[in-house]
Amino acid sequence: MFLRNEWYVAGFGHEFGERPLQRWLLGEPLVLYRGASGGVVILEDRCPHRGAPISAGEVCGDAIACGYHGFTFDPSGACIHIPGTSTIPREARVRAYPAIERWGWVFVWMGEAAQADQARLPDYHWLVEPGWEGRSEYLSVKANYGLVRDNLLDLTHARYVHRKTLGTAAVTDHPISTEARGRGVRVTRVMTDIEPSPFFKRMGGFTGQVNHHQQIDFAPPCHVVINTRVSSVTGSHENRSAQFHVLNALTPENARSTHYFWGLVRNFALGDEAVTQMQQRLNRETFFEDLAILEQQQVLLDCKPAGWRPVATRNDGGCVQAERLMSRLIEAEIQARNEQ
Amino acid sequence: MFLRNEWYVAGFGHEFGERPLQRWLLGEPLVLYRGASGGVVILEDRCPHRGAPISAGEVCGDAIACGYHGFTFDPSGACIHIPGTSTIPREARVRAYPAIERWGWVFVWMGEAAQADQARLPDYHWLVEPGWEGRSEYLSVKANYGLVRDNLLDLTHARYVHRKTLGTAAVTDHPISTEARGRGVRVTRVMTDIEPSPFFKRMGGFTGQVNHHQQIDFAPPCHVVINTRVSSVTGSHENRSAQFHVLNALTPENARSTHYFWGLVRNFALGDEAVTQMQQRLNRETFFEDLAILEQQQVLLDCKPAGWRPVATRNDGGCVQAERLMSRLIEAEIQARNEQ
Amino acid sequence: MFLRNEWYVAGFGHEFGERPLQRWLLGEPLVLYRGASGGVVILEDRCPHRGAPISAGEVCGDAIACGYHGFTFDPSGACIHIPGTSTIPREARVRAYPAIERWGWVFVWMGEAAQADQARLPDYHWLVEPGWEGRSEYLSVKANYGLVRDNLLDLTHARYVHRKTLGTAAVTDHPISTEARGRGVRVTRVMTDIEPSPFFKRMGGFTGQVNHHQQIDFAPPCHVVINTRVSSVTGSHENRSAQFHVLNALTPENARSTHYFWGLVRNFALGDEAVTQMQQRLNRETFFEDLAILEQQQVLLDCKPAGWRPVATRNDGGCVQAERLMSRLIEAEIQARNEQ
C-alpha cells in the first residue's frame with residue numbers, strides 16, 4: 001500500500017532528544033531519540049520481550065532501555081542488555097530504520113536498510129540556504145497523504161478554499177503545463193499581468209499588476225515543493241519581486257492520517273521576524289482551510305459507491321500524473337519484493 | 001436494508017437556506033440548500049471531480065459551487081460550470097433527490113426520481129391546520145429507526161420509562177387493538193374512567209377522572225402519528241377535553257442512528273405561548289427518557305447472542321405488524337430492483 | 001476465549017444496592033443489584049422482551065422490573081410478571097449468574113450454574129482477617145487481563161516502571177523460582193541484605209538493610225495474590241518487619257478491557273488511618289504507572305506483525321507457566337463443551 005524503499009520525513013531535528021518520542025509511520029510504531037553521541041536514532045517501538053513501548057523507557061548513552069523490563073537496544077536495533085541475565089537470545093532485536101538529519105529535518109528510510117540511498121533524499125535545502133528565510137511547522141491531517149498531495153498539485157482550489165487569502169480568479173483562467181521531471185512530476189502555471197492575491201499584497205507589498213509564476217515539483221513518495229515567484233509587470237509604477245518556496249513533506253501516519261511537515265521560506269525581508277511570523281500565521285490559516293476539506297473528502301471517499309471514479313478536468317494534470325507514477329512505483333516495488 | 005422508494009423527512013424548511021448544510025440520510029451524504037428562486041434542493045454531497053464536500057461551497061443562484069475546485073451543479077444535479085474549462089464531461093453530475101417542502105417540513109424521495117409520487121407523502125397537515133397549535137423539534141438518536149418506531153407503537157412503556165410524567169397504571173391495564181390501515185398499521189387503546197396522567201393534569205387542567213383515547217398510525221417507512229384525546233367522564237364535576245397529535249418522522253441517518261423530527265400540536269389554549277413552551281419542554285424531557293433506553297437497547301442488540309429472538313406480549317401487536325409490513329415492503333423493493 | 005466455569009470478581013459488596021448497576025463481564029452485559037432479602041443478584045442485562053437494559057428499571061423486593069415495559073424477573077432469572085397479561089411465555093427469562101458475597105467482594109460464576117463450586121472460590125480472606133488492615137479499590141484498564149496478570153507475575157518491571165517508588169536494582173539481580181501450586185502457579189523471589197525500596201522506607205520505616213521476600217500466587221482464571229515480607233537483616237541496628245498482601249482480581253470486561261479490583265492489606269500500624277491512606281495513594285500511583293504501559297502494550301500487540309512471538313527471559317517463568325496453564329484449561333473447557 002505504501003512505498004517502502006523511500007525517504008520520508010520522520011520529524012524535525014529538535015524533536016529528537018534525550019526523551020524518547022513515539023510516532024507512527026506507515027502504520028508502524030517508531031521510537032525517535034537522539035543518542036549521547038548526537039546522532040538521531042529511529043527504532044521499531046515494540047519491545048521483542050513483551051511488546052511494550054520502548055519509548056516509555058530511557059535513553060542510556062546511544063542506547064535505549066525499554067520502559068517495561070529494561071531490555072536495552074543499541075542504534076542498530078540489537079539488544080545489548082537484558083536485566084537479570086547474561087545471555088541474550090538472537091531474536092531479541094528490533095528493526096532499526098536508517099535515519100538522516102539534514103537541513104533541520106530528519107529523514108527515515110522505511111524499506112530495506114541495505115537499499116537506503118542518500119542520493120535519493122528529497123531536496124529541501126532552502127531550509128538553510130543563505131538568502132532564504134522562514135520556518136517549519138507540523139500539522140496532523142486525518143486524511144490519506146495522497147489527498148494532501150493532490151491538494152498541492154492543483155492550486156486552482158485557492159480560488160474556492162482560500163478565496164479570502166490566496167484566491168484570485170486568475171488561477172483558474174490560466175492553464176497549467178505538466179511534465180515528467182527526474183523521478184517526479186512538475187506542474188507550471190504562468191499568470192501574467194494579474195492582480196496580486198491578498199497574500200502577496202500583504203506579504204510582498206504589491207499594489208499594481210504582477211506576473212505570477214507557479215512551479216510545483218512532486219517527488220515520490222510524498223514530497224512537494226511549490227516555487228512561487230511574483231514580480232511587478234514591466235513598466236508598472238513599482239518594481240518589486242518576491243519569491244516563496246513552500247516545502248511539503250506528507251508522511252503517512254497510516255492510510256487515513258498524515259503527518260504534514262511544512263516549511264515556508266522567502267527571499268526578501270530577510271531578518272524581519274515580524275514578516276516571518278505573519279507569513280507563518282497566514283500560511284497556517286490557509287492550511288486549516290484545506291484541512292476541513294481534506295478530512296471531509298476522506299470520509300466521503302471512504303463510503304463512495306462501487307464504481308465511483310473521479311472526473312478529470314484540465315487542471316488535474318499534475319494529480320493524474322502523480323497518481324499514475326505512484327501506482328507504477330508501488331507495483332514495481334511489490335514485484336521486486338515477490339522476486340526476492 | 002432501507003426502503004428507498006419512499007418519502008423521508010430531510011429537515012425543517014428553515015434549515016434550507018443560502019448556507020449549504022450537510023446531512024447524512026440512509027448512510028448517504030446529502031447537501032441541503034435553498035436556491036435563489038426559493039425552492040429547496042437536495043443533492044448528493046460528493047463532488048464527482050474529487051469526492052469533496054459540495055456543502056463546503058457556496059450557493060450561486062439556484063446552483064451550488066463545490067467548496068474545493070468550484071464545479072457548479074444545478075438543482076437537477078447537472079454540472080453547469082467547471083472553472084478553467086469550457087467542456088463539461090457527461091459524467092460530471094451528482095444525484096439529485098426529489099424534495100418537497102410542505103407544512104414547514106421538507107420531504108425527500110430517496111429512491112428512483114421517476115417514481116417519486118407526491119400522493120404518497122405522509123400526512124402531517126396538522127402542523128399548519130387552523131385550530132391546532134404547536135412546534136417542531138429535532139433529536140439525534142444513536143439507535144436504529146425501527147427501535148424508535150417500536151417505542152411509539154407500544155405506549156405501555158410510558159408506565160416505566162415515563163413514570164413521573166406520562167405514566168399511569170391504566171396504560172398496561174387496557175388492551176390495544178391493531179388493524180391494517182391503508183399502507184400502514186393502526187393501534188388503538190381506549191382507557192375509560194381513569195385518573196389523568198401528570199402530563200394531562202398539567203397541560204389540560206384535568207382534576208377528575210377522564211376517558212383517554214390513544215390512536216397510533218404508522219405509515220411506512222418511518223412515520224408515526226399519535227392522536228391522544230382526553231375528556232372528562234360524563235357526569236364529572238368538570239367538562240373538559242383536550243387533544244394532542246404527536247407527529248414523528250424517524251429518518252435513518254444510518255443503520256445505528258436516527259434523525260428524529262417531531263412536532264407536537266394541540267387543539268386548545270390556542271395562542272398561549274406559555275402553554276406551547278411547557279408542552280414542548282415536557283415532551284422533550286420525555287423523549288430524553290426514551291433516548292437513554294433506546295441507545296442502550298441498540299448496544300445490547302448489537303451483541304445479542306446467536307438465535308436471540310424477542311419474546312412477544314399482548315401489547316406488541318403494533319410493533320409486530322409494523323415489522324412484518326416493513327419486511328414485506330423491503331423484500332418487494334429488492335425483488336423489483338432485481339427484475340429491472 | 002475466556003474460561004467460563006470459574007469465579008470472577010463482579011464488584012464490591014457496597015456496589016450492590018437498591019439501584020441496579022450495569023457492568024459488562026467477558027463481553028456480556030450484566031445487571032447487579034441487592035434484593036430486599038439482602039442477597040446479591042446478577043442477571044443478564046438484556047430483557048428477553050425487546051432487548052432493553054433491565055438495569056434501567058427498578059428493584060422490587062428481590063425481583064427487578066425492566067426499565068422499558070416492566071417485565072419483572074426474580075433472582076433465578078424467571079419472568080414473574082408481564083404488565084397487561086397473565087400468561088408468561090416460557091422463553092421469557094434471563095440468565096442468572098451464581099453470585100457469592102465474601103470478604104466484602106462479590107464473586108460471580110460465568111459458566112454453567114450447575115457446576116458452580118464454592119470450594120473453588122479464590123482466597124482473599126485477608127480482606128477481613130484480624131491482624132490485617134487495608135482497603136479495596138477499582139481501576140479500569142484498557143488492556144487484556146492477561147497483560148495485567150503478566151505484569152504482576154514479573155515484578156522486575158518495578159525497577160523500570162516504578163523506578164521512583166518500588167524499584168531497586170535488587171529485583172533484577174535476584175532470580176525467581178517458579179512452581180505449580182494447586183491449580184495455580186507460585187513465583188518466589190528472595191532478596192537478602194538489600195536496601196529497602198522507597199515504598200518500604202516510607203511505609204515500614206526501614207533505614208538499614210533488609211531481607212525482602214516476594215511470593216506471588218496466580219490462581220486461574222485471573223487471581224493474583226502478592227505476599228511481600230520485609231524484615232531487617234539479623235544484627236542490624238533496627239529490628240523491624242512488615243508484610244503486605246496485594247490482592248488482585250483481573251476480571252475481563254472484554255478482550256481489550258479489564259475490571260481491576262485490588263486490595264492492599266498490611267499487618268502493622270493497625271488502626272492508623274493515615275498509614276492506610278498513604279499506602280493506598282502510593283499503590284494507586286504505582287498502578288497508574290503500570291496502566292500507561294499496559295494500554296500501550298495492548299495497542300502495539302493489536303497490530304503486531306504476523307509471526308511475532310515474545311522473547312522469553314529468566315524472569316518470565318511465572319508468565320510463561322500461567323499462560324500455558326490458561327491455554328490448557330481453555331482447551332479442556334472447549335473440549336468438555338463439545339462433548340456435551
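Quick caveat: nothing in here was measured; it's all calculated off a predicted structure. (Residues numbered from 1 in each chain as written. Chains lettered and ligands numbered in written order. Predicted model: local features only at pLDDT ≥ 70, side-chain atom pairs only at ≥ 80, totals over all residues. Heavy atoms only, no water.)

## Section: the overall build of chain A
When helices and strands are counted, chain A shows six helices and 17 strands. In terms of C-alpha radius of gyration, chain A reaches 22 Å, essentially the compact-globule figure of 20 Å for 340 residues. C-alpha extents for chain A along the principal axes are approximately 80 × 50 × 35 Å. Among the 340 residues that make up chain A, the fraction classed as buried is 58%. (Helix = DSSP H or I, 4+ residues; strand = E, 2+ residues; numbered from the N terminus. Rg over C-alpha atoms; globule rule 2.2 N^0.38 Å. Buried < 20%, exposed > 50% of the residue type's maximum accessible area, 1.4 Å probe, protein only.)

## Brief notes about the interface of chain A and chain B
Listed per partner, the contact involves 31 residues of chain A and 27 residues of chain B. Taking both partners together, chain A and chain B bury about 2,300 Å²; carbon and sulfur atoms supply 57% of that area. Per-residue buried area on chain A facing chain B is highest for Tyr-160, Leu-300 and Val-311 of chain A; these three make up 29% of the total on that side. Counting across the interface, chain A meets chain B through two salt bridges. Taking the shortest distance from any N to any O, the salt bridge between Arg-163 of chain A and Glu-58 of chain B comes out at 3.3 Å. Here chain A and chain B share 12 residue pairs in polar contact (both at pLDDT 80 or more) between them. Of all the secondary structure elements, the ones that give two or more residues to the side of chain A that touches chain B are α1 (145–153), α2 (158–161), α5 (273–302) and α6 (317–339) of chain A. Each residue belonging to the side of chain A that touches chain B can be placed in one class, and the counts come to 16 nonpolar, eight polar and seven charged. (Contact = heavy atoms within 4.5 Å. Buried area = accessible area lost by both parts, 1.4 Å probe. Salt bridge = Lys/Arg side-chain N within 4 Å of Asp/Glu carboxyl O. Polar contact = N/O pair within 3.5 Å; in protein donor to acceptor, adjacent residues only side chain to side chain. Nonpolar A, V, L, I, M, F, W, Y, C, P; charged D, E, K, R; others polar.)

## Notes on the sheet that holds strand β9 (residues 99–102) of chain C
Residues and elements named next belong to chain C. Pairing within the open sheet is antiparallel, and its three strands lie in the order β1-β10-β9. With one partner strand each, in any of the chains shown, β1 (7–12) and β9 form the two edges of the open sheet. Geometrically, the sheet is characterised by an average inter-axis angle of 30 degrees between neighbouring strands, direction not taken into account. Both β1 and strand β10 (residues 105–109) contribute to a ladder of five bridges, which runs antiparallel. What sits directly across from Gly-11, in β10, is Val-106. (Pairing = 2+ DSSP bridges. Axes fitted to C-alpha atoms, helices over the stretch in contact; angles between N-to-C directions.)

## Comments concerning the packing of aromatic side chains
Per the stated rule, a full pass over the model turns up 42 aromatic pairs over all chains. Measuring from ring centre to ring centre gives 5.2 Å for Trp-7 of chain A and Trp-109 of chain A, while their planes differ by 65 degrees; the resulting arrangement is edge-to-face. With Trp-7 of chain A in strand β1 (residues 7–12) and Trp-109 of chain A in strand β10 (residues 105–109), the pair connects residues that are 102 residues apart, well separated along the chain. For the pair Trp-7 of chain A and Trp-109 of chain A, one class covers both residues: buried. Judged by centre distance (4.8 Å) and plane angle (45 degrees), the rings of Trp-105 of chain A and Tyr-124 of chain A are tilted. Taken as a pair, Trp-105 of chain A in strand β10 and Tyr-124 of chain A in the loop between β10 and β11 (133–141) lie far apart in primary sequence, 19 residues in all. You can call Trp-105 of chain A buried: its relative accessible area is 1%. We classify Tyr-124 of chain A as buried; its relative accessible area is 0%. Connected via pairs of aromatic rings, a cluster forms that spans Phe-12, Trp-103, Trp-105, Phe-107, Tyr-124, Tyr-138 and Phe-261 of chain A. The positively charged end of Arg-23 of chain B is found above the aromatic ring belonging to Tyr-138 of chain B, 5.5 Å away from the centroid. (Phe/Tyr/Trp six-rings, centres within 6.5 Å; stacked < 30°, edge-to-face > 60°. Lys NZ or Arg CZ within 6 Å of the ring centre and 35° of its normal.)

## Comments concerning the relation of the copies chain A and chain B
Relative to chain B, chain A is turned by 120 degrees and slid 0.0 Å along the rotation axis, the superposed coordinates differing by an RMSD of 0.0 Å. Considering both components of the superposition, the chain copies are consistent with a three-fold axis. (Least-squares fit on C-alpha atoms with pLDDT ≥ 70 in both.)

## Examining the packing of α1 of chain A against α5 of chain A
All names here are of chain A. In the contact formed by α1 and α5, the axes pass within 10 Å of each other and the chain directions differ by 130 degrees. Classified by the angle between their axes, α1 and α5 sit oblique to one another. The element α1 and its partner α5 pack so that their crossing is right-handed. Where α1 abuts α5, its residues Leu-147, Val-148 and Asn-151 lie against Asp-290, Leu-294, Gln-297, Gln-298 and Leu-301. Considering only residue class, the contact of α1 with α5 consists of four nonpolar, three polar and one charged. (Parallel < 35°, antiparallel > 145°, perpendicular 65-115°, else oblique. Left-handed = near helix turned anticlockwise from the far one by under 90°.)

## A look at the interface of chain C and chain A
Taken together, the contact between chain C and chain A spans 31 residues of the former and 27 residues of the latter. Taken as a group, Tyr-160, Leu-300 and Val-311 of chain C account for 29% of the area that chain C buries against chain A, more than any other trio of residues on that side. The tally of links from chain C across to chain A stands at two salt bridges. Salt-bridge contacts for Asp-150 of chain C lead to Arg-50 of chain A; the nearest nitrogen and oxygen are separated by 3.0 Å. Between chain C and chain A we count 12 residue pairs in polar contact (both at pLDDT 80 or more) in total. The set of elements that each furnish at least two residues to the side of chain C that touches chain A consists of α1 (145–153), α2 (158–161), α5 (273–302) and α6 (317–339) of chain C. With seven residues, α5 of chain C is the largest single contributor of residues to the side of chain C that touches chain A.

## Here we look at the pattern of salt bridges
In the structure shown here, the tally under the stated rule is 63 salt bridges over all chains. A salt bridge links Glu-238 of chain A to Arg-240 of chain A, with the shortest nitrogen-to-oxygen separation between them at 3.4 Å. Note that Asp-217 of chain B is salt-bridged to Arg-186 of chain B, the shortest N-O span being 2.7 Å. Of this pair, Asp-217 of chain B sits in strand β14 (residues 210–219) while Arg-186 of chain B sits in strand β13 (residues 184–194), and the two are 31 residues apart along the sequence. For Asp-217 of chain B, a relative accessible area of 14% gives the class buried. Taking the relative accessible area as the measure of exposure, Arg-186 of chain B reaches 15% and is therefore buried. By sharing partners, the salt bridges in this structure join Arg-50 of chain A together with Arg-149, Asp-150 and Glu-323 of chain C into a single network.

## With respect to the side chain of Asp-316 of chain C
As for its position among the elements, Asp-316 of chain C is in the loop between α5 and α6. No salt bridge is formed by the buried Asp-316 of chain C; its nearest oppositely charged neighbour, Arg-50 of chain A, is found at 4.2 Å. There is a polar contact of 3.0 Å between the side chain of Asp-316 of chain C and the side chain of His-49 of chain A. Ignoring sequence-local partners within four residues, the contact set of Asp-316 of chain C consists of His-49 and Arg-50 of chain A together with Asp-154 and Val-311 of chain C. (Lys, Arg positive; Asp, Glu negative; His and termini not counted.)

## Describing the confidence of the model for chain A
Here chain A averages 95 in pLDDT, while 100% of its residues score no lower than 70. Complex prediction metrics read pTM 0.94 and ipTM 0.93. (pLDDT = per-residue confidence, 0-100.)

## Details of helix α6 (residues 317–339) of chain B
All names here are of chain B. Spanning 23 residues, α6 covers 33 Å between terminal C-alpha atoms, matching the ideal 33 Å at 1.5 Å per step. Of the positions making up α6, those classed as buried are Gly-318, Cys-319, Ala-322, Leu-325, Met-326 and Glu-333. The secondary structure elements touched by the buried residues of α6 are α1 (145–153), β12 (176–181), β13 and β14. (Expected span 1.5 Å × (residues − 1).)

## Quick look at the pairing of strand β14 (residues 210–219) of chain C
All names here are of chain C. Buried residues dominate β14, accounting for seven of its 10 residues. Taken together, the eight bridges between strand β13 (residues 184–194) and β14 define a ladder with antiparallel strand orientation. Its bridge partner lying in β14, Ile-194 is registered against Val-210. In terms of strand pairing, β14 meets strand β15 (residues 223–232) through 10 bridges, oriented antiparallel. Residue Ala-219 lies in a different strand from β15, and its bridge partner there is His-223. In sequence, β14 turns back onto β15 through a hairpin of three residues.

## Things to note about the domain arrangement of chain A
Residues and elements named next belong to chain A. According to the domain assignment, chain A contains domain 1 (14–120) and domain 2 (125–303 + 314–332). Taken together, the nine residues of domain 1 in the interface contact 15 residues of domain 2. Roughly 1,000 Å² of surface becomes buried between domain 1 and domain 2 when both sides are summed, with 69% attributable to carbon and sulfur atoms. The largest contributions to the domain 1 side of the interface with domain 2 come from Arg-23, Trp-103 and Trp-105, which together make up 57% of the buried area. (Domains from an automatic or database assignment.)

## Side note on unusual backbone geometry
Cis geometry marks the peptide bond from Pro-220 of chain A to Pro-221 of chain A, where omega comes out at 5 degrees. Counting through the fold element by element, Pro-221 of chain A comes out in the loop between β14 (210–219) and β15 (223–232). For Leu-26 of chain C, which is not a glycine, the phi torsion comes out positive at approximately 55 degrees. Here Leu-26 of chain C falls in the buried class, since its relative accessible area comes to 7%. A positive phi angle is found at Trp-103 of chain C, which is not glycine, with a value near 60 degrees.

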